[in-house]
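Chain by chain, the residues:
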Amino acid sequence: MRAHILAILAAPIVALPAAANAQEEGAGQAAYERHCIQCHDTDDEAVGTLQLGRTRGEELALLTERSDLTGEYIAAIVRNGLNAMPGFLPSELTAAQLDALVDYLTAASAASAASRATQAD
Amino acid sequence: MADYLPPGVSEEVMAEALERFRQVVGSEWVFTGDDSIPYDDPYPVTNDETLYRPHGAVAPASTEEVQGIVQVANEFGIPLWPVSRGKNFAYGGAAPVLSGSIVLDLNRMNRILEVNEDFGYALLEPGVSYYDLYNYIQERGLRLWLDVPDPGWGSVVGNALDHGVGYTPYGDHFGMQCGMEVVLGTGEAVRTGMGAMPGNNTWQLFKYGFGPYVDGMFSQSNFGIVTKMGIWLMPEPPGYRPYMITFEREEDIEQVIEILRPLKVGMVIQNAATVRNLVLDAAISETKSRYYSGDGPIPDSVARDIMADQEIGMWNFCGALYGPPPVMDTLWTVIRDSFSAVPGARFYFEEDRTRRPDILIHRAETMRGIPKLTEFGFLNWNGGGGHVGFSPVSPITGADAIRQYEMVSGRVREYGFDYMGLMAIGWRDLHHVAVIVYDRNSPDERTRIDELFKILVAEAAAEGYGEYRTHIGYMDEIAATYNWNDNALMKMHEKIKDALDPNGIVAPGKSGIWPAHLRNTDSA
């Protein structure tokens, strides 16, 4: 299991397609809000955001604003967990919901990166 | 990943059983191979990777499907490990005691069957989380409060069945349970209490029904699979005022608990009160490295720095007042005057706290039943994320509190960890919950945790302190300490186990109770 995670961590970061359609995006956002936001929100008690800020830096603290996460990496962490974060069971977050979540996060991060680029211009 | 098999079950038999499980629930709800990795214990306390490993999981959506799975398990001799949501993380998560078991994952049974505002109760399936129930109540504007444990994503049913606690006046979760439906190891469904009478309308109102009261038999047990449960909910009070009292010295815990006992037993303190130590509270919002870069537990000088930085004490008592304002005012006068006897005690309401995040601001939400995950912050204290709870019970006396604190904190620090603990005061008991946080990726720390935990169990038992709940890795050790009269209680458990689950397919090893065919074997 740990070897699998390390393999994913070592994988090159590549761009991923945005959410296929609005229905998937809605499902992905719903999955994010049900399973992720409690720890990865913007408020001052969001333990995942706080810890990512400490360990990766503030620019990588918020999941929806990161552009360095591959879909494969997101899926691996969701299922296997990482450090304090435990993995999520396939009964509570199905394979289809995980796919939608990955699409949602990668689309959100792409939009965030585009916004930053526009601001830089 | 390796495919672990239970004792006496071949690959061929398991494959046939899995096929039959697929026929019961649909192939998409049977998980094996890499799909079953999330069912492993995320915070292992052993370096033996063959322990506590499921073969796979099956996720039914109804009581009838649970019965179908139990029937197949009996036919093929497959051990099932039921979990409600699988989030009992300080105690093993969804992982089974016996490797090769199939996790019976009840997440899909997540229906809120009834919420009654007038009487204040809910009837739930085991897959309902605290968040689910909270959102249901909020969306409908019902004037009911939950009582939540620290992590809000767990199962309401599962937490009560494992004797979990919360922080409102309804903090004794199993004490607030009323009526259940259980699938026995034979596959037969039973309703307890008033639920046994067809057409009765007091299943969630009167616990005891007629004849022996059996609900407790299905908590922390492997006598059956709970598929529905009633839980009482607190009516929204007319007023709510959370507070925190801080104490400066380690030894203050003795006097604090002496003051707490009459206030709690006499119900002046209304809620399930907790006195938490410095590091546990500090770790909610900060990591150790912010204050200390040395090895081992923090020295006293650093503890003082943390107290000043976060404006908290060596011990912090968070409580709350509930009721009409004049009642709250009167209760607060008694509480404040009582604790003023402790030199250096400081008193805070929410408006007195300016730092963010802040422990009282956070606990104020928990003590009014808002589910959260903020407490997971303390897992980041060392950066490695692992944690395990050691939870002995004692009387509510200062002498017991200081004795437990010295025993446990001394050993924890001797093994190189910081002491993180709380004293939770129930109706007549003191739960001392010491959480040991470690690096789950470090073989050395896992080795030390395992050795430390076994010492703590033995030393506590020698002083007459028994654990109320434990990790799957220590259930045999804890059960062995409850051995009065030549293990009479365990012998009785085994007789019940053999009667209700004759093939021993429900949760072998849960709470140290093994089925006949596995007793006194290498598996047990």
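Every value quoted in this text rests on a predicted model; they were computed, and no experiment measured them.

Rules behind the numbers
- Residues numbered from 1 in each chain as written.
- Chains lettered and ligands numbered in written order.
- Predicted model: local features only at pLDDT ≥ 70, side-chain atom pairs only at ≥ 80, totals over all residues.
- Heavy atoms only, no water.
- Phe/Tyr/Trp six-rings, centres within 6.5 Å; stacked < 30°, edge-to-face > 60°.
- Helix = DSSP H or I, 4+ residues; strand = E, 2+ residues; numbered from the N terminus.
- Buried < 20%, exposed > 50% of the residue type's maximum accessible area, 1.4 Å probe, protein only.
- Lys NZ or Arg CZ within 6 Å of the ring centre and 35° of its normal.
- Contact = heavy atoms within 4.5 Å.
- Buried area = accessible area lost by both parts, 1.4 Å probe.
- Salt bridge = Lys/Arg side-chain N within 4 Å of Asp/Glu carboxyl O.
- Polar contact = N/O pair within 3.5 Å; in protein donor to acceptor, adjacent residues only side chain to side chain.
- Nonpolar A, V, L, I, M, F, W, Y, C, P; charged D, E, K, R; others polar.
- Axes fitted to C-alpha atoms, helices over the stretch in contact; angles between N-to-C directions.
- Left-handed = near helix turned anticlockwise from the far one by under 90°.
- Core = buried A, V, L, I, M, F, W, Y, C linked by side-chain atoms within 4.5 Å.
- Patch = residues over 30% accessible without salt bridge, like charges linked within 9 Å, V, L, I, M, F, W, Y side chains within 5 Å.
- Areas by Shrake-Rupley, 256 points an atom, 1.4 Å probe, with all protein chains shown as cover.
- Pairing = 2+ DSSP bridges.
- Domains from an automatic or database assignment.

Caption draft 1: Looking closely at the packing of aromatic side chains. Residues and elements named next belong to chain B. The full count for this structure, using the stated rule, is 23 aromatic pairs over all chains. Judged by centre distance (6.5 Å) and plane angle (65°), the ring pair of tryptophan 315 and tyrosine 419 falls under edge-to-face. Taken together, the positions of tryptophan 315 in strand E14 (residues 315-322) and tyrosine 419 in the loop between helix H10 (398-414) and strand E18 (421-425) put the pair 104 residues apart, joining distant regions of the chain. Residue classification places tryptophan 315 among the buried residues on the basis of a relative accessible area of 1%. By way of ring pairs, the aromatic residues Tyr243, Phe247, Phe317, Trp332, Phe339, Phe347 and Phe349 are connected into one cluster. In this arrangement the basic side chain of arginine 140 is found over the ring face of tyrosine 136, its NZ or CZ atom lying 3.6 Å from the centre. Its end group placed over the ring of tryptophan 427, lysine 264 keeps NZ or CZ at 5.3 Å from the ring centre.

Caption draft 2: Examining the interface of chain A and chain B more closely. At the junction of the two partners, chain A supplies 24 residues and chain B supplies 42 residues. With both sides pooled, the region where chain A packs onto chain B buries about 2,700 Å², and carbon together with sulfur makes up 55% of that total. When the area that chain A buries against chain B is broken down by residue, the three leading residues are Glu45, Asn83 and Leu89 of chain A, summing to 21%. Our count for the contact surface shared by chain A and chain B stands at 4 salt bridges. Glutamate 45 of chain A is the partner of lysine 372 of chain B in a salt bridge, and the nearest nitrogen-oxygen pair spans 2.6 Å. Our count for the chain A to chain B interface comes out at 10 residue pairs in polar contact (both at pLDDT 80 or more). Taken together, the residues of the side of chain A that touches chain B sort by class into 10 nonpolar, 7 polar and 7 charged.

Caption draft 3: Structural context of the packing of helix H5 (residues 252-265) of chain B against H10 of chain B. Residues and elements named next belong to chain B. Remark: H5 packs on H10, axes separated minimally by 7 Å, with the N-to-C direction vectors making an angle of 145°. Note that H5 runs across H10; the crossing there is right-handed. Counting all contacts with H5, which are made through Ile253, Glu254, Ile257 and Glu258, the residues of H10 involved are Gly398, Ala399, Ala401 and Ile402. Residue composition of the contact of H5 with H10, by class: 5 nonpolar, 1 polar and 2 charged.

Caption draft 4: Representation of the nonpolar core within the structure. Residue and element names in this part refer to chain B. Counting residues in hydrophobic clusters, the biggest one holds 115 residues, and the most contacted among them are Ile257, Leu260, Phe317 and Phe339. The greatest single-element share of this core, amounting to 7 residues, is contributed by strand E19 (residues 429-439). Once you skip the residues sitting within four places of it in the chain, leucine 260 turns out to touch Ile269, Ala273, Val275, Phe317, Phe339 and Ile425.

Caption draft 5: Up close: a nonpolar patch on the surface. On the surface, Phe119, Leu205, Phe206, Tyr208 and Tyr213 of chain B cluster together into a nonpolar patch covering about 510 Å² of accessible area. Position of tyrosine 208 of chain B among the secondary structure elements: in the loop between strand E9 (189-191) and strand E10 (224-232).

Caption draft 6: Here's a closer look at the sheet that holds strand E5 (residues 112-116) of chain B. Residue and element names in this part refer to chain B. A sheet is described by the order of its strands in space; here 5 strands give the open sequence E5-E6-E10-E8-E9, paired in antiparallel fashion. What marks the edges here is a single partner per strand, and that holds for E5 and E9. Neighbour-to-neighbour, the strand axes of this sheet turn through a mean angle of 15°, independent of strand direction. One ladder, built from 6 bridges, connects strand E8 (residues 177-184) with E10; its direction is antiparallel. Across the sheet, glutamate 181 pairs through a bridge with lysine 228, a residue of E10.

Caption draft 7: The sheet that holds strand E1 (residues 30-32) of chain B, seen in detail. Residue and element names in this part refer to chain B. Pairing is mixed across the open sheet formed by 4 strands, whose spatial order is E1-E2-E4-E3. Taken across any chain shown, the strands that pair with only one partner, and hence form the sheet edges, are E1 and strand E3 (80-83). Across the sheet, the mean angle from the axis of one strand to that of its neighbour is 20°, orientation sign disregarded. Where strand E2 (residues 56-58) meets strand E4 (residues 102-105), 3 bridges bridge the pair, whose relative direction is parallel. Paired with alanine 57 across the two strands is valine 103, which belongs to E4. Along the sheet, helix H1 (residues 11-25) makes contact with E1, E2, E3 and E4, crossing E1 at roughly 150°. Sheet strands touched by helix H2 (residues 63-76): E2, E3 and E4. Its angle to E3, the strand with the most contacts, is close to 160°.

Caption draft 8: Inspection of the pattern of salt bridges at higher detail. All names here are of chain B. Following the criterion strictly, the structure yields 43 salt bridges over all chains and no others. Between aspartate 150 and arginine 363 there is a salt bridge, with its nearest N and O atoms 2.7 Å apart. Of this pair, aspartate 150 sits in the loop between strand E7 (144-145) and helix H4 (156-161) while arginine 363 is found in helix H9 (residues 359-366), placing the two residues 213 residues apart along the sequence. No difference in accessibility class separates aspartate 150 from arginine 363, as the two residues are buried. The partner of glutamate 181 in a salt bridge is lysine 228, and the shortest N-O contact between them spans 2.9 Å.

Caption draft 9: Representation of the domain arrangement of chain B within the structure. Residue and element names in this part refer to chain B. For chain B, the assigned domains are domain 1 (11-105), domain 2 (112-235), domain 3 (240-474) and domain 4 (476-518). When each unit is reduced to the centre of its C-alpha atoms, the spacing between domain 3 and domain 4 is 33 Å. Contacts between the two partners involve 8 residues from domain 3, matched on the other side by 5 residues from domain 4. Between domain 3 and domain 4, a total of about 550 Å² is buried, with carbon and sulfur atoms accounting for 62% of that surface. Run the count over domain 3 and domain 4 and you get 0 salt bridges. Between the two partners, domain 3 and domain 4, sit 4 residue pairs in polar contact (both at pLDDT 80 or more). Every element with two or more residues in the side of domain 3 that touches domain 4 is listed here: helix H11 (443-462) and strand E20 (466-467). The element that contributes the greatest number of residues to the side of domain 3 that touches domain 4 is H11, accounting for 3 residues.

Caption draft 10: Region of the structure containing H9 of chain B. All names here are of chain B. Of all the 8 residues making up H9, 7 are buried; the element is thus mostly covered by neighbouring parts of the structure. Burial in H9 covers these residues: Ile359, Leu360, Ile361, His362, Arg363, Ala364 and Thr366. Its buried side turned inward, H9 meets strand E12 (240-247), strand E13 (273-277), helix H6 (278-282), E14 and strand E15 (346-349). Where H9 begins, the capping side chain belongs to aspartate 358, and its oxygen is found 3.0 Å from the backbone nitrogen of leucine 360.

Caption draft 11: Main features of the pairing of E19 of chain B. Residue and element names in this part refer to chain B. Here E19 lies mainly inside the structure; 10 of its 11 residues are buried. Pairing analysis gives 6 bridges linking strand E16 (residues 385-390) to E19, with the strands arranged antiparallel. Bridged to phenylalanine 390 within E19 is alanine 434. Looking at chain direction, E18 and E19 are connected through 5 bridges and run antiparallel. Of the residues in E19, the one forming a bridge with leucine 422 is valine 433.

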